[in-house]
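# Examination of the molecular architecture
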Amino acid sequence: MADTHVLFVEDDDVIREATQLALERDGFMVTAMPDGLAGLEAFRADRPDIALLDVMVPGLDGVSLCRRIRDESTVPVIMLSARADSIDVVLGLEAGADDYVTKPFDGAVLVARIRAVLRRFGHASGPDGNGSRAADADGPAEAVLRFGDLEVDTEGMEVRKAGEPVALTPTEMRLLLEFSDAPGTVLSRDRLLERVWDYGWGGDTRVVDVHVQRLRGKIGQDRIETVRGFGYKLRG
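A brief look at the structure comes next. Note that the structure is a prediction, hence the values are computed from the model and not measured.

The next subject is the sheet that holds strand β3 (residues 50-54). The sheet built from 5 strands is open, its strands ordered β2-β1-β3-β4-β5 with parallel pairing. Edge positions in the sheet fall to β2 (29-33) and β5 (99-102), since each has one partner strand and no second. For this sheet, the mean inter-axis angle between neighbouring strands, taken without regard to orientation, is 20°. Here 4 bridges tie strand β1 (residues 5-9) to β3, and the two strands are oriented parallel to one another. Paired with Leu 7 across the two strands is Ala 51, which belongs to β3. Running over the sheet, helix α1 (residues 13-25) touches β1, β2 and β3 and is turned about 170° from β2.

Structure, rendered in structure tokens:
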């Protein structure tokens, strides 16, 4: 992680400086900015590997900044929110954030979440982490999977709907790969948190729900079915 560049946008001087020092002690390069407009300029100038955005920053709030970043890049984004039950959490995820951390946070927890997101993005090419789907006992897995008018190229990491390319973020791609690896099988939110978000502990299932909604908006609302009380499944 020594060469990993983190953009950190936080208006509280104490939190910004303490967090920057903690991240740098763990080997990260950190660009810390006090407001959203400065954060956007730094993002465009430096093209960091990951962005940490506080929701409530002046100039350009964290949610709006996340949208601007997502318009230009699929770089991973983690939102920082002072209230776990805040609507800001959902707004941030809907804006394109990949995860969120609630303040006040422990530095070790933040580092763990950053590393989990970076591992996920580094392995976005397939659930087995090796750039392709694992072969089953009967031979190699099929590279292009088809579900109605939806095509998922698991090696080229491309998705097409009715022949047209669909742009997915790495998190959305990993989510779709989990579904396409087991079409018709109900996948619980906890399993998706573990497999897609690399959570080794219980996480907020809103992360899953919002990403499923975003994915539905891109591949078709009817393609992923909600199984109430259990989870979701991909229709074959």
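Below, the discussion takes up the nonpolar core. Grouped together as the largest cluster of nonpolar side chains are 50 residues, with contacts concentrated most on Leu 53, Met 79, Val 152 and Phe 179. Discounting chain neighbours no more than four positions away, the residues touching Leu 53 are Val 9, Gly 62, Leu 65, Cys 66, Ile 69, Val 77, Ile 78, Met 79 and Leu 80.

We now examine the sheet that holds strand β6 (residues 144-147). Sheet strands associate in pairs through backbone hydrogen bonding, adopting either a parallel or an antiparallel arrangement. On the basis of which strands lie adjacent, the open sheet formed by 4 strands has the order β6-β7-β8-β9 and antiparallel pairing. The sheet is open, and its two borders are formed by β6 and β9 (164-166), each paired with just one other strand. Along the sheet, successive strands turn relative to each other by an average axial angle of 25°, direction set aside.

Attention now moves to the pattern of salt bridges. Tallied over the entire structure, the rule returns 18 salt bridges. The closest approach of N and O atoms between Arg 47 and Glu 72, which form a salt bridge, is 3.6 Å. Pair noted here: Arg 47 is in the loop between α2 (36-46) and β3 and Glu 72 is in helix α3 (residues 62-72), with a separation of 25 residues, a long-range link. Judged by its relative accessible area of 43%, Arg 47 is partly exposed. Relative accessible area serves as the criterion here: at 33%, Glu 72 is assigned to the partly exposed category. Arg 189 is paired through a salt bridge with Asp 209; the nearest N and O atoms lie 2.7 Å apart. Of this pair, Arg 189 sits in helix α7 (residues 189-196) while Asp 209 sits in helix α8 (residues 206-219), placing them 20 residues apart in sequence. Arg 189 sits in the partly exposed class, given a relative accessible area of 21%. A single salt-bridge network, built from bridges that share partners, covers Glu 10, Asp 54 and Lys 103.

Conventions adopted
- Residues numbered from 1 in each chain as written.
- Predicted model: local features only at pLDDT ≥ 70, side-chain atom pairs only at ≥ 80, totals over all residues.
- Heavy atoms only, no water.
- Pairing = 2+ DSSP bridges.
- Helix = DSSP H or I, 4+ residues; strand = E, 2+ residues; numbered from the N terminus.
- Axes fitted to C-alpha atoms, helices over the stretch in contact; angles between N-to-C directions.
- Contact = heavy atoms within 4.5 Å.
- Core = buried A, V, L, I, M, F, W, Y, C linked by side-chain atoms within 4.5 Å.
- Buried < 20%, exposed > 50% of the residue type's maximum accessible area, 1.4 Å probe, protein only.
- Salt bridge = Lys/Arg side-chain N within 4 Å of Asp/Glu carboxyl O.

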